[in-house]
Amino acid sequence: MEIFDFLGVEPVDVVNKTIRLNVAGSPKNKLYERLEKFMYQPNLLKSFLKGLFPVRMRVNWKNSLGEVLFRHEPIPIELREKLTEEYQVDILALGELIGRDLSRWLR
């Protein structure tokens, strides 16, 4: 709960850690590629539909669709190693700041 104070936001009772957000990947096929463009780029129909459904419902749909539409593509090992090396100092500093062990991020 300290993180909410640190961020200056109102605490919430439950943080759902089972939902994976912003998972990298690419569309599984051309149809899914078109659906991706509809979901992630502004358009009139989407703007109209936003007024009909609550934000929480739209976010849940978008996250669920993302799991179906995209195939997970892990970061290439060489790039992961380069990024880990480049951000190692920042990761360690963040871990110290929030009081958590982030050594898993450095593997």
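1. Some remarks on the pattern of salt bridges
Right, so step 1: Summed over all chains, the structure comprises 1 salt bridge.
Right, so step 2: Residues Lys-30 and Glu-33 are paired through a salt bridge, measuring 3.9 Å at the closest nitrogen-oxygen approach. Of the two residues, Lys-30 and Glu-33 both sit in helix H2 (residues 30-40), 3 residues apart, roughly one turn of that helix.
Right, so step 3: Given the relative accessible area of 30%, Glu-33 is considered partly exposed.

2. Comments concerning the packing of H2 against helix H4 (residues 55-69)
Right, so step 1: Interhelical geometry of H2 versus H4 gives an angle of 155° and a closest axis separation of 11 Å. One element, H2, and the other, H4, form an angle in the roughly antiparallel class. The crossing of H2 and H4 is left-handed. When H2 is examined against H4, the residues Tyr-32, Leu-35, Glu-36, Met-39 and Tyr-40 are found in contact with a partner set consisting of Lys-62, Leu-65, Gly-66, Val-68 and Leu-69.

3. Looking at the side chain of Thr-84
Right, so step 1: Looking at the secondary structure, you find Thr-84 in helix H5 (residues 77-98).
Right, so step 2: Apart from the residues lying within four places of it in its own chain, the contact partners of Thr-84 are Trp-105 and Leu-106.

4. With respect to a negative patch on the surface
Right, so step 1: Where like charges cluster on the molecular surface, the negative patch consists of Glu-78, Glu-81, Glu-85, Glu-86 and Asp-90.
Right, so step 2: As for its position among the elements, Glu-86 is in helix H5.

5. Notes on the confidence of the model for the chain
Right, so step 1: Looking at the chain as a whole, its pLDDT mean stands at 82, while 88% of the residues score no less than 70.
Right, so step 2: Looking at the elements of the chain, mean pLDDT is at its lowest for strand S1 (residues 25-27), recorded as 76, and at its highest for H5, recorded as 93.

6. Looking at the environment of Phe-6
Right, so step 1: Among the structural elements, Phe-6 can be located in helix H1 (residues 2-7).
Right, so step 2: The exposed category is assigned to Phe-6, whose relative accessible area is 54%.

7. Focus: the packing of aromatic side chains
Right, so step 1: As enumerated under the stated definition, the model contains 1 aromatic pair in all.
Right, so step 2: Ring geometry for Phe-53 and Trp-61: centres 4.8 Å apart, planes at 65°, overall edge-to-face.

8. Thoughts on the side chain of Lys-46
Right, so step 1: Relative to the elements of secondary structure, Lys-46 occurs in helix H3 (residues 44-50).
Right, so step 2: Residue classification places Lys-46 among the buried positions, given a relative accessible area of 18%.
Right, so step 3: One polar contact links the side chain of Lys-46 to the main-chain carbonyl oxygen of Gln-41, over a distance of 3.1 Å.
Right, so step 4: Aside from chain neighbours lying at most four places away, what touches Lys-46 is Phe-38, Met-39, Tyr-40 and Gln-41.

9. Observations regarding the environment of Glu-67
Right, so step 1: As for its position among the elements, Glu-67 is in helix H4.
Right, so step 2: Separated by 42 residues in the primary sequence, Glu-67 and Gly-25 place their C-alpha atoms 9.5 Å from one another.

Thresholds, definitions, all that
Residues numbered from 1 in each chain as written. Predicted model: local features only at pLDDT ≥ 70, side-chain atom pairs only at ≥ 80, totals over all residues. Heavy atoms only, no water. Salt bridge = Lys/Arg side-chain N within 4 Å of Asp/Glu carboxyl O. Helix = DSSP H or I, 4+ residues; strand = E, 2+ residues; numbered from the N terminus. Buried < 20%, exposed > 50% of the residue type's maximum accessible area, 1.4 Å probe, protein only. Axes fitted to C-alpha atoms, helices over the stretch in contact; angles between N-to-C directions. Parallel < 35°, antiparallel > 145°, perpendicular 65-115°, else oblique. Left-handed = near helix turned anticlockwise from the far one by under 90°. Contact = heavy atoms within 4.5 Å. Patch = residues over 30% accessible without salt bridge, like charges linked within 9 Å, V, L, I, M, F, W, Y side chains within 5 Å. Areas by Shrake-Rupley, 256 points an atom, 1.4 Å probe, with all protein chains shown as cover. Lys, Arg positive; Asp, Glu negative; His and termini not counted. Charge placed at Lys NZ, Arg CZ, Asp CG, Glu CD. pLDDT = per-residue confidence, 0-100. Phe/Tyr/Trp six-rings, centres within 6.5 Å; stacked < 30°, edge-to-face > 60°. Polar contact = N/O pair within 3.5 Å; in protein donor to acceptor, adjacent residues only side chain to side chain.

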